[in-house]
Amino acid sequence: MKQYRVDDRQLVTEYPFNWAIDSTVTTFDSKYAFVGLVNGSLCQICIDSQAVIRDYGQIGLGSITSMAVTRDNNF
């Protein structure tokens, strides 16, 4: 996955994942992005620091094809 700046479309960072990405979602405050992988794993990225801050590991048996975040960011 690649992160770009919106204003000038310059590459900020690239996140290497061992599996293909099936879905992503960001929190309403744009602080975090969640990445669901085809092997059922989930990762949390801090957008400001460009770091994977939490790898939840494999949370399901199949691909994570969709996710949602509530308005109060309770995931």
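Refer to the structure presented above.
Residues numbered from 1 in each chain as written. Predicted model: local features only at pLDDT ≥ 70, side-chain atom pairs only at ≥ 80, totals over all residues. Heavy atoms only, no water.

**Notes on the pairing of strand β6 (residues 51–58)**
Every regular strand shows the same layout, with side chains that alternate between the two sheet faces. Quick reminder of the rule: A pair of strands counts as paired when DSSP detects no fewer than two bridges linking them. Per the convention used, a helix needs a DSSP run of H or I reaching at least four residues, while a strand needs a run of E reaching at least two, with both numbered from the N terminus.
Where strand β5 (residues 41–46) lies against β6, six bridges are found, and the strand directions are antiparallel. Across the sheet, residue Ile45 finds its bridge partner in β6, namely Val52. The hairpin formed by β5 and β6 contains four residues between the paired strands, and Gln50 there has a positive phi angle of roughly 55°.

**Some points on the sheet that holds β6**
For the record, the criterion: Angles run from 0 to 180 degrees between N-to-C directions of axes, and those axes are lines fitted to C-alpha atoms, restricted for helices to the stretch in contact.
With respect to topology, four strands assemble into an open sheet ordered β3-β4-β5-β6, the strand pairing being antiparallel. The open sheet terminates on both sides in strands that have one partner only, identified here as β3 (21–26) and β6. Direction aside, the axes of adjacent strands within the sheet are offset by 20° on average.

**Quick look at unusual backbone geometry**
Positive phi, close to 60°, is recorded for Arg9, a residue that is not glycine. If you trace the backbone, Arg9 turns up in the loop between β1 (2–4) and β2 (11–14). Despite not being glycine, Gln50 shows a phi value in the positive range, around 55°. Tracing the backbone shows Gln50 in the loop between β5 and β6.

**Remarks on the environment of Ile21**
Rules: A 1.4 Å probe rolled over the protein chains alone gives each residue an accessible area, and that area as a share of the maximum for its type sets the label: buried under 20%, exposed over 50%, partly exposed in between. A contact between two residues is defined here by any heavy atoms of the two lying within 4.5 Å.
With respect to the secondary-structure elements, Ile21 resides in strand β3. On the basis of relative accessible area, Ile21 is assigned to the partly exposed category, the value being 31%. Put simply, Ile21 and Gly40 are 19 residues apart on the chain and 9.9 Å apart in space, counted from C-alpha to C-alpha. When near neighbours in sequence (up to four residues on either side) are disregarded, Ile21 contacts Met1, Val35, Gly36 and Leu37.

**Quick notes on the pairing of β2**
Bridging between β1 and β2 involves three bridges; their strand directions are antiparallel. Its bridge partner being in β2, Tyr4 is matched across the sheet by Leu11. In textbook terms, the turn of a hairpin is the stretch between consecutive antiparallel strands, and for β1 and β2 this stretch comprises six residues, one of which, Arg9, has a positive phi near 60°.

**Describing the pattern of salt bridges**
Close approach of charged atoms allows side chains with opposite charge to pair. The condition is simple: Salt bridge, as used here: a side-chain nitrogen of Lys or Arg that lies within 4 Å of a carboxyl oxygen of Asp or Glu.
Under the definition given, this model contains two salt bridges. In this structure, Asp7 engages Arg5 in a salt bridge whose closest nitrogen and oxygen atoms are separated by 4.0 Å. Residue Asp8 is joined to Arg5 by a salt bridge in which the shortest nitrogen-to-oxygen separation is 3.1 Å. A network of salt bridges, in which partner residues are shared, links Arg5, Asp7 and Asp8.

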